[in-house]
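# Architecture and fold: a report
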Amino acid sequence: MNTVIETRDLVKHYGRHAAVDGLDLTVEKGEVFGLLGPNGAGKTTTILLLLGLTEPTSGAVRVIGLDPLRNPLEVKRRVGYLPDQIGFYDNLTARENLLYTARLTGLSTAEANTLIGEALDRVRLTHAADRRVGTFSRGMRQRLGLAEVLIKRAEIAILDEPTSGLDPQSTQELLELIVELGREGITIVLSSHLLSMVQTICNRVALFNRGRIGLMGRVADLTSDVLGGTHVVEVEAGDVDLRAALDGAPHITGVTEQRPGFWRVDADADARPEIARRVVAAGGLLRTMSIRHTTLDEVYVRFFEEDKIHAAA
Amino acid sequence: MPQREGSPFTGLATVALKEAADHMTSARIHLVMLLVLLTAIGAVYAAIGQISQTVSEDQFLFLRLLTTAQEPLPSFVAFLGFLLPLVAIALGFDAINGEYNRRTMSRILSQPIYRDALLTGKFLGCLLVIAQCLLVLWLLVIGLGILLLGLPPSGEEILRGLAFLLASFVYAGVWLGVAMVFSTIFRSPATSALATLTVWLLFTIFWPMLSPLIAGAVVPVDPFDPMTAVNQVEVQRAIARISPNTLFGEMTLAILNPETRSLGIVFANQLSQAVIGAPLPVSQSLMLIWPQLCCMIAALLVLFTGAYVSFQRQEIRA
C-alpha cells in the first residue's frame, strides 16, 4: 500500500528510437532504490518521465498517487531532483542560487533563509555559502544540489548519477549523505552506471538494458539468481581439472576456467575449505585462492550476455 | 491530453525579478548601456548647440532636441533606432539556450513551476530592464534640455515624449522577441547571437536598399500610365514596413514632428486649403501612428508565441 512510484508499461520514443520500452517499476516508501545500467540504457529518460519533464509515448506513471503530467506542480513540489551534471548560476553565490530555487518552490524569503542555513550545514558547505558557485569543485556542486533537495523537504529524492565524475573521497561523502537521508525516511531513487559502487547503499535495484528492466530485486537475490552464488572464489591450481574435482561439492554453483590454471568458482557460501580439500585430494597443486562477494557488474555482464545470446538465437 | 492543474503563472514574478536583477548587474548590459548613454548624450548635446544658434520661433523646441541632427552626428532618435535593437539583442540572445549550457534548465524546471513561467518571466524581466533604461534615458534628455535650454517642456511636448517612449519600448520589445526566438531555436548562444544580428543588419542596412528593388521587380512602372508609379511607391512602402525599423522611423517622425500630416504619398489636391507647416494636435498624430504601433505590438506577440511554441516542444534533456 506504500507504493510511492509506479509505472505501468511506460514507453518513450525519441523519433524511431525507443529510449524507454515498456517499463514496469514500483518503488516503496522509504526505500533506497537503484536504477542501474550503462549509459544510454534509459535511466535518465525514466527519471524525466517520473518528474513529468517529458511526456511518455504511452503508458502510465503515478508518483505519490499523482499523475506527473496532469498535476506536475504538486509532484515537483514533493519530489526533489538532482540532475546529472548539475549546473548552477556561476555568477551567484551558493546561498543566492538556493534562494532562487527556494523562492520558486513557494517559500518566503525568511523561511527559505532558515532552511538554507540548515541545509548548507548538513552538506558541510557553510564555509562556502557566500562564495560564487563558479569557484566550486564538482563534489561541492553535487552537495549543493543535495542541499536544494533538503530545502524542498522532499518526500522522494531522485538523484541522477550523483557520484559520476567525483573523486573517491567525495563519492564516499556523498554516499554517506544519501544513506543518512534514506535513514530519515526519504524515499531515494538513484541512477548510476557504476553498479558496484551503489550496490552497497541500495535496498533494491533495477538493472536497465536498452530501455527495459532486465532484473529487479534485492542485490543478494539478484546475484544468487543469476550467478547462482553470492561469493566468488578465484583459484590458481595446476595439474587438476577443477570442474571434475568439484563435481557434486556442496555450495558450489558454477566453475569456469578463465585461462589455463586459473579458475573461477561461484558459490553461495564460503567454500574455500572444501575446494582446497578436493584440489589436494585430486592430486592438484593449489597455488592461491581468494574470495570476494559477487558484484552487480558481474550480474549485469552475465545476465545481458545471456540476453544477447538469446536474442541472436 | 488531460487538463493540467495549477497556475502557469506560479513563480513568474520570481523568475522575472531574478532575470532583471541578473541583467542589471551583468557586465554585458553595463557596456551596451554605456554605449547608448554616451551616444545619446552626445547627440542631444550637439542638438542643443544647433538649437541655440537658431533664432526663428519654434513651438516645439523640446522635440527638436530629439530630432535635430548636427553633422557628423545623427539625431538622438536615429541613434535610438540603431542602438535599441542592440540592447534588446544583448538581453535576449542567450535567454533560453544559456540555461541549457549552464545545465540549470532541468534543475529549474524540476521546481514546481511550468515552462510558461520560465519563458514569460525571462521575457518580462528583459522588458523591465528595457523600460527602466528607456525611462532613465528619457528623463536624462529632458533634464539636459531644461538645464541647457532653460525652458520647461510644454504639456503637449510631454505627451508626445511619452508616446515616443512607448513607441521605443515596443520597438525594443520586437527585437527582444527576435532574440528570444533564436535563443530557443539554436542551442549555441554564439549561433543565436549571430542569427539575431544578421536579421538586425538585414533590416537596418539592407532593407532600405532591397525594398525599392523588389517593388521595381514586382510592379514595374509603365511610362504611359502615371498610376503605375503611384502603385510602385505604395508597394515599396508596404515592403519597407515589414522592417520594424521603418515602422519605428515613421512613428517617431509623426510623433516628434507635429507638422507631419501623412506617412504615405500626398497629392496636391489633398493639400488644398491646408495650412502647410501647421502642427497637428496630439490626438491626430497618435491616429497617424496607430497602425504602426498596432503592427509592432502584433509582431511582438507573434514572436513571443513563436518562442513559446518552440520552447514548449523542446526536450529538456541536454
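Here's what I pulled together on the structure shown here. Position numbers for residues start from 1 in each chain and track the written sequence from start to end. Going through the entries in the order they are written, you letter the chains from A and number the ligands from 1. Note on the predicted model: pLDDT of at least 70 is required for a residue's local features to be given, and 80 or more for side-chain atom pairs to be given and counted; whole-chain, interface and lining totals, by contrast, use all residues. Excluded from the side-chain calculation are hydrogens and water; included are all heavy atoms of the structure.

### Some words on helix α4 (residues 109–122) of chain A
Residue and element names in this part refer to chain A. This is how the line gets drawn: Counting from the N terminus, the helices are the DSSP runs of H or I reaching at least four residues and the strands are the DSSP runs of E reaching at least two. A helix is expected to reach a length of 1.5 Å times the quantity of its residues less one. A 1.4 Å probe rolled over the protein chains alone gives each residue an accessible area, and that area as a share of the maximum for its type sets the label: buried under 20%, exposed over 50%, partly exposed in between. By construction, the arc corresponds to the directions joining the helix axis to the C-beta atoms. Contact criterion: two residues are considered in contact whenever any of their non-hydrogen atoms come within 4.5 Å of each other.
Taking 1.5 Å of rise per residue, 14 residues should cover 20 Å, and α4 covers 20 Å from first to last C-alpha, within 8% of that figure. Restricting attention to buried positions, one finds in α4 the residues Ala112, Leu115, Ile116, Ala119 and Leu120. Summarising the axial view, the buried residues of α4 lie within an arc of 135°, below the 170-degree limit, and thus occupy one face. Seen from the buried face of α4, the exposed residues on the opposite side, beyond 90 degrees, are Ala110 and Asp121. Where α4 is buried, its residues contact α3 (94–105) and α5 (138–151).

### Comments concerning the interface of chain B and chain A
As a reminder, the rule being used: By buried area we mean the combined loss of accessible area, with a 1.4 Å probe, across both parts when two parts are placed together. In what follows, salt bridge is the name for a side-chain nitrogen of Lys or Arg lying within 4 Å of a carboxyl oxygen of Asp or Glu. For the purposes of these results, a polar contact is taken to be a pair of N or O atoms within 3.5 Å, where, inside protein, one atom must be able to donate a hydrogen and its partner to accept one; residues adjacent in sequence count only when each atom of the pair is a side-chain atom. Three categories are distinguished: nonpolar for Ala, Val, Leu, Ile, Met, Phe, Trp, Tyr, Cys and Pro, charged for Asp, Glu, Lys and Arg, and polar for the others, with Gly belonging to the last.
On the side of chain A, 32 residues touch chain B, which itself brings 30 residues to the contact. When the buried area of chain B at its contact with chain A is split by residue, B:Arg107, B:Pro112 and B:Arg317 rank highest and sum to 23% of it. We note a salt bridge from B:Glu5 to A:Arg70, for which the minimum N-O separation is 3.4 Å. Remark: the boundary between chain B and chain A carries 15 residue pairs in polar contact (both at pLDDT 80 or more). Partitioning the side of chain B that touches chain A into residue classes produces nine nonpolar, ten polar and eleven charged.

### Regarding the pattern of salt bridges
Once their charged atoms are close, side chains differing in charge can pair, the charge on each being opposite to the other. All names here are of chain A. As enumerated under the stated definition, the model contains 30 salt bridges over all chains in all. With its nearest N and O atoms 3.2 Å apart, the salt bridge here joins Arg95 to Asp130. Taken together, the residues span a long stretch of sequence, with Arg95 in helix α3 and Asp130 in the loop between α4 and α5 at a distance of 35 residues. According to the relative accessible area criterion, Arg95 is partly exposed, its value standing at 29%. Salt-bridge contacts for Arg122 lead to Glu180; the nearest nitrogen and oxygen are separated by 3.2 Å. Of this pair, Arg122 sits in helix α4 while Glu180 sits in helix α6 (residues 168–183); the two residues are 58 residues apart in sequence, bridging distant segments of the chain. For Arg122, a relative accessible area of 27% translates into the label partly exposed. For Glu180, a relative accessible area of 34% corresponds to the partly exposed category. Salt bridges sharing partners connect three or more residues here, namely Glu234, Arg264, Asp266, Arg292 and Glu298.

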